[in-house]
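Observations on chain architecture
Listed below are the residues making up each chain.
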Number of protein chains: 2
Amino acid sequence: MKATITDVAKQAGVSMKTVSRVLNNEPNVAKATRDRVMEVAASLQYRPNLAARGLASSKSYLIALLYDNASASYITNIQRGAIEACRRNGYHLLLEPMPYEQANSPEAEILLGRLGVDGVILTPPLSDSVVLRDILRRLDMRHVAVAPNKMDDVHAVRMDDAEAAFQMTTYLIEQGHRDIGFILGHPNHGATASRRLGFEKALNEAGIKLNEDWISAGDFSFRSGVQAAEHLLSNPDNRPTAIFASNDDMAAGVMSVAGRLGISVPEALSVCGFDDTPIAQIIWPQLTTVAQPIHKMGFKAASILISRDNPDDPKICTLDFELIIRESTLGGPLLK
Amino acid sequence: MKATITDVAKQAGVSMKTVSRVLNNEPNVAKATRDRVMEVAASLQYRPNLAARGLASSKSYLIALLYDNASASYITNIQRGAIEACRRNGYHLLLEPMPYEQANSPEAEILLGRLGVDGVILTPPLSDSVVLRDILRRLDMRHVAVAPNKMDDVHAVRMDDAEAAFQMTTYLIEQGHRDIGFILGHPNHGATASRRLGFEKALNEAGIKLNEDWISAGDFSFRSGVQAAEHLLSNPDNRPTAIFASNDDMAAGVMSVAGRLGISVPEALSVCGFDDTPIAQIIWPQLTTVAQPIHKMGFKAASILISRDNPDDPKICTLDFELIIRESTLGGPLLK
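As a starting point, this report considers the structure included with it. (Residues numbered from 1 in each chain as written. Chains lettered and ligands numbered in written order. Predicted model: local features only at pLDDT ≥ 70, side-chain atom pairs only at ≥ 80, totals over all residues. Heavy atoms only, no water.)

1. A closer look at the overall build of chain A
- In terms of regular secondary structure, chain A is built from 14 helices and 12 strands.
- Counting only C-alpha atoms and orienting by the principal axes, one finds that chain A spans roughly 85 × 35 × 30 Å.
- The buried share of chain A, reckoned over its 336 residues, is 60%.
- Taking as baseline every contact in chain A between residues at least 6 positions apart, the subset at least 24 positions apart corresponds to 73%.
- When the accessible surface of chain A is split by element, carbon and sulfur atoms take 49% of a total near 13,800 Å². (Helix = DSSP H or I, 4+ residues; strand = E, 2+ residues; numbered from the N terminus. Buried < 20%, exposed > 50% of the residue type's maximum accessible area, 1.4 Å probe, protein only. Contact = heavy atoms within 4.5 Å. Areas by Shrake-Rupley, 256 points an atom, 1.4 Å probe, with all protein chains shown as cover.)

Next comes the structure, spelled out in structure tokens:
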């Protein structure tokens, strides 16, 4: 029979809360009491668990990651960063998938109300769910939004998507491209509008007229990249010399269509993506893309929650990105 | 100030354990007591959390997933399955990455001892760590191993890797291939030996002599697939007409090398993988592979832990796999 916190408290002649305080190394416990509790715990081979630790401190030592995201590599990267911050502080990460539709339903309130974690990390597209943010405020649960679009009333960890898309488009223009296709991301994601903004601004500053036909819908999935590419590349006499997809999965879709149509990348078509997920180096030729600080965003989001900053003090933390130039754009528009 | 379980207990005139029992819907609480506790909890706007729920029942309602795996899609798939089982039973999933080296160190015991979860899911290569399994037994923590090699003394959820590799190799032989290269997985993973076994058995049964030069080392990473393919395809006059890689990432590496060397897949080289991860459909041509029941294994592992079967009763649960035939093997050895 495993010893419980009650057994330790009884035998040491103190309350369960005192045992919990000792286990958490909290101040305001007399040394004699602390020693007695530790001695009893050792003699009973008592192993404190999260529930026992959380009892007195009103901390759960848990952070929850809420997500609805098809990209496995994005989510595992956020996880890794968040876990790194958790480990350093004795916290643990709970995984809570939540479809975007559910986030806007009463179910979400029930689920979150029962959770009782010390903080919640919201990832796109949940980062921009007004309903979800309201629920979290009502429940008095601290939360940080990763890469939200609306940042006026929330702790946020982000990068400058518009600036990154601007720089990538400018790079393509410097390579000699003027006929550039663009594939949009999922309409629910804040980054989608920002990346489009940066793309259009770069064309505008270079004096290139925007061709609306060459802005194609997508939803961040590989399949939507295939469909967009089939549209953009349908006319052999009038097609872009470069395609900028709003993420790597869609860029991989473009390269798959190009392969099928016999259009060489990068000789006849430059392709670039966004995110620098592992797929960017797995496809051939390797993909030019934007390295998002995904791991760092996860780390920073968890760190903010653990440090328990004042929740009334909205705070935006903007992290750096990097353009990664690989083979998929080293062609130039020569064959056109 | 948020109401705590102590506030509810005090105002209802019961112990914290009784409050916890009521919150968990446990039997052996008088209806009058139950009603009073619920009334007080509502009036104080008390929101139970995991710590409060776990107090009386000695359950934590937490399952931990231990992993050290480079493949994001494998881990997210296991996660999804495990979370599905957790959700149905009011449990939550904790993520605990643990490098294989750490699993064999005293750190692992400290980390796991503090965790206090109701069960632990071990994923490859941790599934086969004897040290880790010993620690878990010493700590009296229930655990299930996903796809272990040594199954005599542990609850296990697995598929028949040897049989799957046997069937895939037999399929390649039926397509007319006799010169088949094989790329091994990571030596720490139990599946690596099983898949090799199935490959060799199929050659043997077809009366094809094994060419040791065409069994190439790998570690499940894309990069190791590239290196193995560079070796296997180095001699234009004597190279395999098919390559069977022990996972999809390495198969993608083979296709990348083939692309660079101008070897058409599948016309001049058939390629197949193992796992049916999303990459199998993202690369072009799409990859023939083995669909592992990864999601189901995660679901089943968590279900076993939640149901609290007798831990002294080792039990093996073998789930079905499926060969998925796609374009990457539809060539046959015609051009040789």
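This is not the end of the story, as more comes after the structure.
2. Quick notes on the nonpolar core
- Ile-121 of chain A together with Ile-121 of chain B are the most contacted members of the largest nonpolar core, which totals 56 residues.
- For Ile-121 of chain A, the contacting residues outside a window of four places in its chain are Ile-63, Ala-64, Leu-65, Leu-66, Ala-82, Val-144, Val-146, Gly-298, Ala-301, Ala-302 and Leu-305 of chain A.
- One finds Ala-64 and Leu-122 of chain A together with Ala-103 and Leu-126 of chain B within the second-largest nonpolar core, a separate group that totals 40 residues. (Core = buried A, V, L, I, M, F, W, Y, C linked by side-chain atoms within 4.5 Å.)

3. Re the pattern of salt bridges
Residues and elements named next belong to chain A.
- Enumeration according to the criterion identifies 28 salt bridges over all chains in this entry.
- Linking Arg-138 and Glu-109 is a salt bridge whose minimum nitrogen-to-oxygen distance equals 2.6 Å. Placement of Arg-138 in helix α8 (residues 130-138) and of Glu-109 in helix α7 (residues 106-115) is noted, with a sequence separation of 29 residues between them.
- Residue Lys-150 pairs with Asp-128 through a salt bridge whose shortest N-O separation is 3.9 Å. Taken together, the residues Lys-150 in the loop between β4 (143-146) and β5 (155-159) and Asp-128 in the loop between β3 (119-122) and α8 connect sequence positions 22 residues apart.
- Among the residues examined, Lys-150 registers a relative accessible area of 39% and is labelled partly exposed.
- Classification of Asp-128 as buried rests on a relative accessible area of 7%. (Salt bridge = Lys/Arg side-chain N within 4 Å of Asp/Glu carboxyl O.)

4. A short note on the relation of the copies chain B and chain A
- Between chain B and chain A, the superposition needs a rotation of 180° and an axial shift of 0.0 Å, giving an RMSD of 0.1 Å. Such values leave the two copies arranged in the relation of a two-fold axis.
- Taken as a fraction of all interface residues of chain B, those also at the interface in chain A reach 100%, which identifies the copy contact as same-surface. (Least-squares fit on C-alpha atoms with pLDDT ≥ 70 in both.)

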